[in-house]
Structure formats: structure tokens, C-alpha cells
Amino acid sequence: MDKFIVRGGKRLFGEVEISGAKNAAVAIIPAVIMAESPCRIENVPNISDVQLSARILTEMGAEVRWINRNTVEIDPTTIQTNVVPNELGRKMRGSYYNIGALLGRFSHAIVPLPGGCDFGVRPIDQHIKGFNALGCTYTLNDGMIEVSAKELRGAHIYLDMVSVGATMNIILASVKAKGLTVIENAAREPHVVDLANFLNSMGANISGAGTDVIKIRGVEHLQGVTYSIIPDQIEAGTYMAAVAATGGDILVKNVTPKHLESITAKLMEMGVSVTEYDDAVRVRRDGPLRKCNVKTMPHPGFPTDMQPQIAAVLSLAEGTSILNENVWENRFRYVEELKRMGAQITVEGKSAIIEGVEYLKGAPVRAVDLRAGAAMIIAALAARGTTKIEEIEHIQRGYEDIVEKFVGLGADMYLRVDPQDSSNAKIG
């Protein structure tokens with residue numbers, strides 16, 4: 001098994017360029033299914049989830065051509081099937097966006113139940129509620145969701161809970177529905193806005209994205225376009241958290257500072273200096289880290305996808321911090337891994353009580369999911385000694401060139417490849 005090897009204790013200095021947003025890309029690529037001519041998508045992160053999204057379209061008959069490692073051209077006009085391949089679809093959570101896109105194209109979709117990181121139950125009841133309101137029927141057979149409609153009709157949909165996935169999937173399903181669709185209690189995340197902007201550039205009529213009420217007036221046709229994906233706020237937040245944990249001074253480039261406000265606010269509360277520019281933030285820490293309480297919330301609150309990374313930082317803060325998780329039910333599995341490194345964390349229900357320690361120690365740990373893996377890297381960079389991180393395929397799902405980027409900031413980190421896999425080379 002491939003591993004990341006990190007020799008900790010080095011402060012981080014320099015500049016890092018942030019890639020396109022994973023959570024936008026995995027919805028925008030399926031959205032191309034509805035276009036009546038080819039699309040070119042730029043600033044695509046070169047990560048395994050995106051490669052998988054593109055492979056799904058290829059298997060379904062689309063012509064997918066990579067112009068370079070961050071630009072893909074997709075011709076969806078050759079797609080003849082409404083079925084997502086089972087083996088590919090089960091490997092990632094974002095495969096469920098194919099339901100909304102296929103409904104828009106064919107009014108009929110057959111898609112595997114979503115996979116991805118294990119945070120416990122992944123209900124798609126809000127998705128189904130929205131599809132039903134649009135006139136769809138739903139069945140589940142052998143792990144495949146089948147959703148179909150004689151005709152998609154606009155509807156008024158109130159989400160019982162704020163759900164990014166449901167909001168985006170309902171948008172996809174309703175852009176070609178007849179009449180007006182209104183989504184209330186909609187998610188407001190930047191990638192929801194990015195999907196709406198992409199669809200509008202194709203000819204959709206969506207207003208209110210970024211607020212809790214989104215209106216979609218159905219259109220008959222969507223045309224292919226060239227579109228650039230927004231920067232990844234979670235990747236940016238991860239590098240910001242890393243310099244908070246290690247100390248140092250870095251410029252995080254190609255970001256939208258407004259998307260980072262909740263992360264910036266908490267880091268500054270902990271004693272970290274953050275300076276905003278038009279499309280960059282400078283993050284610097286010289287003094288000690290202060291305790292801080294954090295609650296994850298839907299946007300514009302503190303993102304759940306930054307919760308493990310901020311826990312790694314708080315492990316080194318003076319005093320007792322409390323971390324409340326209000327989005328996912330099973331997001332503290334990484335705590336046992338941090339405790340291997342000497343962190344003092346107690347989990348009580350949806351809360352983690354973190355007693356700051358003077359230092360962490362290198363140890364063998366696992367990346368139990370994508371963001372947990374990022375937390376392991378942050379902890380390892382700040383720790384004394386060497387840390388070996390296993391199950392790094394989770395990290396590679398969401399972070400482009402993470403070793404090269406940290407090495408560029410002065411980290412002592414490299415990829416140790418499985419000797420049975422000679423196709424990979426050591427980096428660092």
C-alpha cells in the first residue's frame with residue numbers, strides 16, 4: 001500500500017496555488033449530459049473523483065478529451081444510455097448528480113447508491129422528495145436507484161434540512177422541467193452557486209443561487225459552453241490550517257477570500273494572522289495558538305469539510321477547545337488516529353473536547369476519509385518525528401498534487417509507493 005511519509009517540525013513558507021473546487025467539479029461534469037453540443041471545462045482539479053466522473057460519462061458513450069491536466073472537453077451528444085455503470089458509480093458520493101442530469105436529458109435515470117467517505121448513513125430522502133415533487137416515481141432494486149417521469153413539471157419544494165447534494169440535484173432535474181421550480185431552505189455553498197452559473201451560461205434560467213430560495217424556470221435547450229470552475233475553498237482552508245499548526249508564513253493564491261471568511265475568522269481567533277487580497281490570502285503564525293470553540297454549520301457557517309483539519313490545529317492550542325459537528329453523524333472517526341500522535345481528545349456525541357498539548361509525536365496513522373487524511377497530514381507536519389500515513393487513496397480523491405504543494409512550502413514529505421506497483425515514482 002502506498003503511504004505518505006512526513007518528517008515533521010518544519011515551519012511552512014512560500015506560495016501555494018489552489019486548484020479548482022472538487023465539490024463543484026463533481027456536479028458540473030454530470031451536468032454536461034444535458035448540453036446539446038460539446039462543453040469545455042477549465043480549472044478542473046486533477047483528482048481521482050474527477051477522473052471517475054469523467055470515466056462514467058465515457059462509459060455512457062460521451063466523447064471525453066483532456067486538453068491538458070486541468071481542462072476537459074466533453075461531447076455528450078453521443079450518450080445513448082440513462083444507466084450509470086454500477087462499479088464506477090458506487091465509488092463516489094457525487095455519482096448521484098447523474099440522477100438529476102439524466103432526468104433532465106431522458107426523464108429517466110438508473111444510478112447506483114452513492115459511495116465515497118463513510119460518515120454513517122447517507123440518506124438521499126431530500127433528493128427523492130424533490131424528484132417526486134417534479135413528477136417522478138422512484139424504485140430501488142439491487143442497489144440501483146431508478147427515477148423516472150412521464151414529464152418533469154416545476155414544483156414548490158421545501159427541504160426539511162439544508163442539503164447541498166439535494167439542492168444541486170434538484171437544480172439539475174428542474175432546469176428543463178416545464179414551468180417554475182422553487183427550492184426553499186436551499187443550500188448556499190459556493191459550489192451550489194458555481195453549478196447554477198454553469199447552467200445559466202448554457203441557457204438555463206436560475207435565480208437566487210447563494211440564498212436560501214432558488215427559482216428555476218424551465219427551458220427547452222441547453223448549449224455547450226466553455227466554463228472555468230471556482231477555486232476550492234476546502235483545499236485553501238487546509239493549507240491555511242497547516243501553517244496555523246506548523247507556524248510560518250504562506251501566500252495562498254487563486255482563492256475567493258469571501259468563501260473563506262468562516263475559516264479565516266476562526267484562525268484569527270486562535271491567534272493566526274490572515275490578510276486578504278483580491279484573489280489570495282496571506283496566513284502567518286509566530287506566537288502560540290489559542291483555544292477556540294467551533295461549530296460546523298451549512299454555509300456561510302464553518303464548513304464540515306474543514307472540521308478534522310481544524311481539530312488537528314486545536315490539538316496544539318493552549319487550553320480546552322470544543323468542536324461541535326452539526327452536519328454529519330460520524331465524522332469523528334479520525335480522533336483515534338490523532339490520539340496515536342498524542343492528541344488529547346474526548347468525543348461525547350456530536351462534540352469533541354480537545355485539550356491542547358505542547359507537541360504531537362510522529363506515528364503510523366490512517367486516512368480514514370478524505371478530510372481526515374488532510375488532518376493527518378497537518379498533524380504530521382507539526383509533529384516531532386516521522387509519521388506514516390496509510391490509506392492515502394482517500395486523500396487523493398480530493399487534493400491535487402498535495403505532496404508537491406507541501407514540499408514547495410518547505411515540508412519534508414514524500415510518497416512511498418507499494419513495491420508491487422512500479423508505475424508510481426517517489427516524489428519529494
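Data block above holds the structure.
Residues numbered from 1 in each chain as written. Predicted model: local features only at pLDDT ≥ 70, side-chain atom pairs only at ≥ 80, totals over all residues. Heavy atoms only, no water.

Even after reading the chapter, I still don't get the overall build of the chain, so can you show me in this structure?
On a plain count of helices and strands, the chain comes out with 14 helices and 23 strands. Relative to the globule expectation of 22 Å for 428 residues, the C-alpha radius of gyration of the chain, 21 Å, shows essentially globular dimensions. If you line up the chain on its principal axes, its C-alpha atoms span 65 × 45 × 45 Å. By the burial criterion, 56% of the 428 residues in the chain qualify as buried. If you take every contact in the chain between residues at least 6 apart in sequence, the share linking residues at least 24 apart comes to 72%. If you sum the accessible surface of the chain, you get close to 16400 Å²; carbon and sulfur atoms cover 47% of it. Here the chain carries 45 positive and 50 negative side-chain charges, and the mean point of each set is 3 Å from the other. (Helix = DSSP H or I, 4+ residues; strand = E, 2+ residues; numbered from the N terminus. Rg over C-alpha atoms; globule rule 2.2 N^0.38 Å. Buried < 20%, exposed > 50% of the residue type's maximum accessible area, 1.4 Å probe, protein only. Contact = heavy atoms within 4.5 Å. Areas by Shrake-Rupley, 256 points an atom, 1.4 Å probe, with all protein chains shown as cover. Lys, Arg positive; Asp, Glu negative; His and termini not counted. Charge placed at Lys NZ, Arg CZ, Asp CG, Glu CD.)

Where do I start with the nonpolar core in this structure?
Nonpolar side chains tend toward joint burial in soluble globular proteins. Ranked by internal contacts, the top residues of the largest apolar core, which has 76 residues, are Phe-4, Val-252, Tyr-334, Ile-389 and Phe-406. Considering each element in turn, this core owes the most residues, 11 residues, to helix α12 (residues 370-382). Not counting the four nearest positions on each side in its chain, Phe-4 is found in contact with Ile-377, Thr-387, Lys-388, Ile-389, Ile-392, Ile-395, Gln-396, Ile-402, Val-403, Met-413, Tyr-414 and Leu-415. Core analysis: the next-biggest nonpolar cluster, separate from the first, contains 75 residues, Val-26, Leu-57, Leu-152 and Ala-186 among them. (Core = buried A, V, L, I, M, F, W, Y, C linked by side-chain atoms within 4.5 Å.)

Got a minute to help me understand the side chain of Asn-23 in this structure?
Mapped onto the secondary structure, Asn-23 falls in helix α1 (residues 22-31). Excluding anything up to four places from it in sequence, Asn-23 contacts Arg-93, Met-168, His-191, Asp-305 and Arg-371.

Would you explain the pairing of strand β14 (residues 248-253) in this entry?
Residues in a regular strand project their side chains so that they alternate between the two faces of the sheet. As judged from the six bridges shared by strand β2 (residues 12-17) and β14, these two strands associate in the parallel manner. Bridged to Glu-15 within β14 is Leu-251. (Pairing = 2+ DSSP bridges.)

Could you clarify how one ought to interpret the packing of α1 against helix α2 (residues 48-59) in this entry?
The description of two helices packed together rests on the angle between their axes and the distance between the axes. The geometry of α1 relative to α2 is characterised by a closest axis approach of 9 Å and an angle of 0° between their N-to-C directions. One element, α1, and the other, α2, form an angle in the roughly parallel class. Along its contact with α1, which presents Lys-22, Ala-25, Val-26 and Ile-29, the element α2 presents Asp-49, Val-50, Ser-53, Ala-54 and Leu-57. (Axes fitted to C-alpha atoms, helices over the stretch in contact; angles between N-to-C directions. Parallel < 35°, antiparallel > 145°, perpendicular 65-115°, else oblique.)

The values are spatial; any link to function lies outside them.
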